[in-house]
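Notes for the structure review
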Amino acid sequence: MPFIHLPKPWQLPESAVTPEAAFWNRRKFLKTLVGAGIGASVLPLGACGRSGDVDPALRKTLGRPLGGVTPNPDFQDAGRPITKQVHASRYNNFYEFGGTKNIWQNAQKLPTDPWTLEVSGLVKNPRQYDLDDLTKHFPLEERIYRFRCVEAWAMVVPWVGFPMRSLIEDVEPTSAAKFVRFTSFYDPQITPGPAWEFALNLPWPYVEGLTLAEMANELAFFAVGLYGRTLPKQHGAPIRMVVPWKYGFKGAKSIVKIEFLAEQPATYWNVISPNEYGFEANVNPEVPHPRWSQATERIVGSGTNPFNWERQPTLIYNGYGEYVADLYS
Ligand SMILES: Nc1nc2c(c(=O)[nH]1)N[C@H]1C(S)=C(S)[C@@H](COP(=O)(O)O)O[C@H]1N2
Ligand SMILES: [Mo]
């Protein structure tokens, strides 16, 4: 964004971060430019080419290029550089494939074609989307979002996908629907979990949940791509959740089922350790995890090894309070 430089909350000194910071004005400003047909020429043209250098082993794990993707003008600047793909796509959490960050090659066992995403429960139009539907049924846009894991590592990546709201409009929840459960792929032959899984008896499949109001929020997104291509398996191909104001564990990967419910569903990490991983799980620098502070975060790929990655302050709602604070007042 070379010509426009108005501060967002994350570009201001901590003392200047107020709920009504300049973020909002800047969003309106960008919308005006685009509406007048001026903005398009200064907006980046999608994220192919933004991934940085990719080595041959990693290249094998990448998806196919996605065409017809519109960059969403509101989400082109996350206030930090985009994380290079060599870092983002080789440092993952996907416990179905192991308990370390280094599961990117192991995750290639995930069978993604064919795929069926079933949407059911309290909806007027239950649906099944196949693999093709996921990239063709909804118009695709690109959003560059901050991402903050509860373990205090953070990155910025260009997702491709569609707003969760579009799917809500497709299936039309009934007035009884208040919560939504998202279930990840699970097959004990393919996704055995970490080596220590048997000791803990982990509650597979991985499930996550949102309130319907959270799912309808402008930020809530289904990603089917990353850096201009379909999602690599290690990131949750062919479709995963992205809720950038919440800790990363809320973003279930490789979703096979979405159910609209009247009651709050049980969720994977909350079942494992309820006092460490809440249902709401909004990013909040002032609420420490029982075992570590959440005040700062380590920037993925910013140093030679994860132990000396640069630290930066964590922001309430991960910097997205303008969009979501109303949900919690
Ligand atoms: N099915 C499934 N989804 C998951 C996880 C997982 O282990 N299994 N890990 C979560 C956690 S803790 C994080 S931080 C993010 C990591 O996403 P990334 O690897 O694409 O960066 O995925 C989330 N979604
Ligand atoms: Mo995480």
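Residues numbered from 1 in each chain as written. Chains lettered and ligands numbered in written order. Predicted model: local features only at pLDDT ≥ 70, side-chain atom pairs only at ≥ 80, totals over all residues. Heavy atoms only, no water.

A few points about the pattern of salt bridges
Note the threshold: The salt bridge definition used is simple: a Lys or Arg side-chain nitrogen within 4 Å of an Asp or Glu carboxyl oxygen. For each residue, the accessible area found with a 1.4 Å probe, counting protein chains only, is set against the maximum for its type, and the residue is called buried under 20%, exposed over 50%, and partly exposed in between.
Overall, the coordinates contain twelve salt bridges when judged by the stated rule. Between Arg-143 and Glu-141 there is a salt bridge, with the nearest N and O atoms lying 2.7 Å from each other. Take Arg-143 and Glu-141: they sit in the same class, and that class is buried. Connected through salt bridges with shared partners, the residues Arg-80, Arg-148 and Glu-297 form a single ionic network.

Structural notes on the environment of Trp-196
Counted only if it meets this: Labels follow the DSSP assignment, with helices taken as runs of H or I lasting at least four residues and strands as runs of E lasting at least two, numbered in each case from the N terminus. Whether two residues touch is decided by their heavy atoms; if any such pair falls within 4.5 Å, the residues are in contact.
Mapped onto the fold, Trp-196 is located in the loop between strand 6 (179-184) and helix 6 (197-200). Distance in space between the C-alpha atoms of Trp-196 and Gly-98 is 9.1 Å, their sequence separation being 98 residues. If we ignore the near neighbours within four places in the chain, the residues touching Trp-196 are Tyr-95, Gly-99 and Leu-202.

Topic: the site of ligand 1
We apply this condition: We call a residue near a given molecule or strand whenever any one of its heavy atoms falls within 4 Å of it. Identification of polar contacts relies on pairs of N or O atoms within 3.5 Å, with a donor-acceptor requirement for protein atoms, meaning one able to donate a hydrogen and the other able to accept it, and with residues adjacent in sequence counted only if both atoms are side-chain atoms. For the accessible areas, the method is Shrake-Rupley and the probe is 1.4 Å, while residue cover comes only from the protein chains on display. In this analysis the probe radius is 1.4 Å and the grid spacing 1 Å, with only protein atoms considered; a cavity is a set of points the probe fits into but cannot get out of, a pocket is an open set with protein on both sides within 12 Å along at least five of seven lines, and lining residues have an atom within 4 Å of a point. To qualify as sitting in a cavity or pocket, a molecule needs more than half of its atoms within 2 Å of the grid points. Each residue gets one label: Ala, Val, Leu, Ile, Met, Phe, Trp, Tyr, Cys and Pro are nonpolar, Asp, Glu, Lys and Arg are charged, and the others, such as Gly, are polar.
Neighbouring ligand 1 are 18 residues, the closest being Tyr-95, Glu-96, His-235, Gly-251 and Lys-253. At 3.4 Å from an oxygen atom of ligand 1 is found a main-chain nitrogen or oxygen belonging to Asn-93. When ligand 1 sits alone it has 540 Å² of accessible area, and the protein chains cover 99% of it. More than half of the atoms of ligand 1 fall within 2 Å of the grid points belonging to the largest pocket. Of the residues assigned to the shell around ligand 1, the class counts are nine nonpolar, six polar and three charged.

Things to note about the sheet that holds strand 11 (residues 255-261)
Condition: Any two strands with at least two DSSP bridges between them are considered paired. Axes here refer to lines fitted to C-alpha atoms; in helices the fit is confined to the stretch in contact. Angles between the N-to-C directions go from 0 to 180 degrees.
If you walk across this open sheet you meet the five strands as 3-2-11-6-7, and the pairing is mixed. Across the chains shown, the open sheet's two edge strands, defined by having one partner strand only, are strand 3 (127-130) and strand 7 (207-211). With strand direction ignored, the average angle separating the axes of adjacent strands in the sheet is 15°. Sheet topology places strand 2 (residues 116-121) next to strand 11; four bridges connect them, and they run parallel. When the bridges of strand 11 are listed, Val-119 appears paired with Ile-258. Contacting strand 2, strand 3, strand 6, strand 7 and strand 11, helix 5 (residues 164-171) runs over the sheet at an angle of about 130° to strand 3.

Quick look at the side chain of Glu-208
Within the secondary structure, Glu-208 sits in strand 7. A polar contact is formed between the side chain of Glu-208 and the side chain of Lys-250, at a distance of 2.6 Å.

Quick word on the environment of Thr-116
With respect to the helices and strands, the residue Thr-116 is situated in strand 2. Each C-alpha atom, one on Thr-116 and one on Asp-133, is 9.5 Å from the other, the two residues being 17 residues apart in sequence. In contact with Thr-116, other than residues within four places in its own chain, are Gln-128, Tyr-129 and Val-256.

Side note on helix 5
Our working definition: Directions pointing from the helix axis toward each C-beta atom define the arc.
Along helix 5, the residues that are buried comprise Met-164, Leu-167, Ile-168 and Val-171. Taken down its axis, helix 5 places every buried residue within 105° of arc, on the same side. Within two residues after helix 5, Glu-172 carries a phi angle of roughly 50°, on the positive side.

Topic: the pairing of strand 7
The element strand 7 is largely enclosed, with a buried count of four among its five residues. Where strand 6 lies against strand 7, five bridges are found, and the strand directions are antiparallel. For Phe-179, the partnering residue across the bridge sits in strand 7 and is Thr-211.

Notes on empty space enclosed by the protein
Rules: Grid points are joined across faces, edges and corners, and a volume is the space filled by probe spheres set on the points.
Counted by the stated rule, this structure contains one cavity of 30 Å³ or more. Taken as a whole, the largest cavity spans an internal volume of roughly 60 Å³. As for the largest cavity, its lining consists of Arg-146, Phe-147, Arg-148, Trp-159, Met-241, Val-242, Val-243, Pro-244, Lys-246, Tyr-247, Gly-248 and Gly-251. If you list the elements that add at least two residues to the lining of the largest cavity, you get strand 4 (141-148) and strand 10 (240-242). In terms of residue count, strand 4 provides more of the lining of the largest cavity than any other element does, three residues in total.

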